[in-house]
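Descriptive analysis of the structure
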Amino acid sequence: MKWQRAAGLMLLALMLGGWHAVNPGTGPGPAKGSATGWPVPRFASLRSNEIYMRAGPGFQYPIIWVYHRFDLPVEITGEFNVWRHVLAPDGGVGWVHEALLHAVRSFIVIGGRHTMRAAPRADAAPVAYLDKGVIGLITSCRQDASWCAVEAGHRHGWLRRADFWGSFPGEAIK
């Protein structure tokens, strides 16, 4: 029994330690969602601490993933009535009910530890050190800017766009 628990813990550690975010799509639009008319693909975030991702667009489809990360960014890649086809940063793909998503623009830190800066420059004073997996909010990002204004843990600063998952290359976020 102890070896099964140890094996399970090792598997969990390997999964968490080896986690890398998938590449986001090319950017919002030019396609339009069939239900909302909004650009597809686009980013949204999870509205709750428990989200069921299903194999198809309906409650009759089995749950394939359960996410427990409020404000986790997801990329909406399709729509069917009240269901959204989403891509999660860990590569999970499935259908989520629209009521479980909101338009808050969030990010998740990828790679290793990154420094949130007081200004959009590599030599600006550090505000916070963000480890891989930290979730925060994108407050603004100019089109084609390499730095975005962000908030994480009640701290405001700037983070390089390459250090997080949750925005498209060259996308403006207001």
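Above this text sits the structure in question.
The paragraphs below set out a description of the structure included in this document. These numbers were taken from a predicted model, which means no experiment stands behind them.

Rules of the game
- Residues numbered from 1 in each chain as written.
- Predicted model: local features only at pLDDT ≥ 70, side-chain atom pairs only at ≥ 80, totals over all residues.
- Heavy atoms only, no water.
- Helix = DSSP H or I, 4+ residues; strand = E, 2+ residues; numbered from the N terminus.
- Buried < 20%, exposed > 50% of the residue type's maximum accessible area, 1.4 Å probe, protein only.
- Contact = heavy atoms within 4.5 Å.
- Areas by Shrake-Rupley, 256 points an atom, 1.4 Å probe, with all protein chains shown as cover.
- Polar contact = N/O pair within 3.5 Å; in protein donor to acceptor, adjacent residues only side chain to side chain.
- Phe/Tyr/Trp six-rings, centres within 6.5 Å; stacked < 30°, edge-to-face > 60°.

Digging into the overall build of the chain
- Within the chain one finds 1 helix and 16 strands.
- Taking all 174 residues of the chain together, the buried fraction comes to 43%.
- Intrachain contacts of the chain at a sequence separation of at least 6 include 58% that bridge at least 24 residues.
- When the accessible area of the chain is evaluated, it comes to approximately 9800 Å², of which 60% is carbon and sulfur surface.

Things to note about unusual backbone geometry
- Between Val 40 and Pro 41 the backbone carries a cis peptide bond, its omega angle lying at 5 degrees.
- Tracing the sequence through the fold places Pro 41 in the loop between β2 (39–40) and β3 (42–46).
- If you check the backbone angles, Asp 144 has positive phi at about 65 degrees while not being a glycine.
- In this structure, Asp 144 sits in the loop between β13 (135–140) and β14 (147–152).
- According to the relative accessible area criterion, Asp 144 is exposed, its value standing at 63%.
- At His 154, a residue that is not glycine, the phi angle is positive and equals roughly 65 degrees.
- Note that His 154 resides in the loop between β14 and β15 (155–160).

Remarks on the side chain of His 114
- Within the secondary structure, His 114 is located in strand β11 (residues 114–117).
- Looking at His 114, its side chain comes within polar contact range of the main-chain oxygen of Ile 110, at 2.7 Å.

Description of the packing of aromatic side chains
- One pass over the structure, following the stated rule, counts 4 aromatic pairs.
- Geometrically, the ring pair formed by Phe 43 and Phe 168 is tilted, given 4.6 Å between the ring centres and 50 degrees between the ring planes. Residue Phe 43 is found in strand β3, and its partner Phe 168 is found in the segment after β16 (164–165); the two are separated by 125 residues along the sequence. Take Phe 43 and Phe 168: they sit in the same class, and that class is buried.

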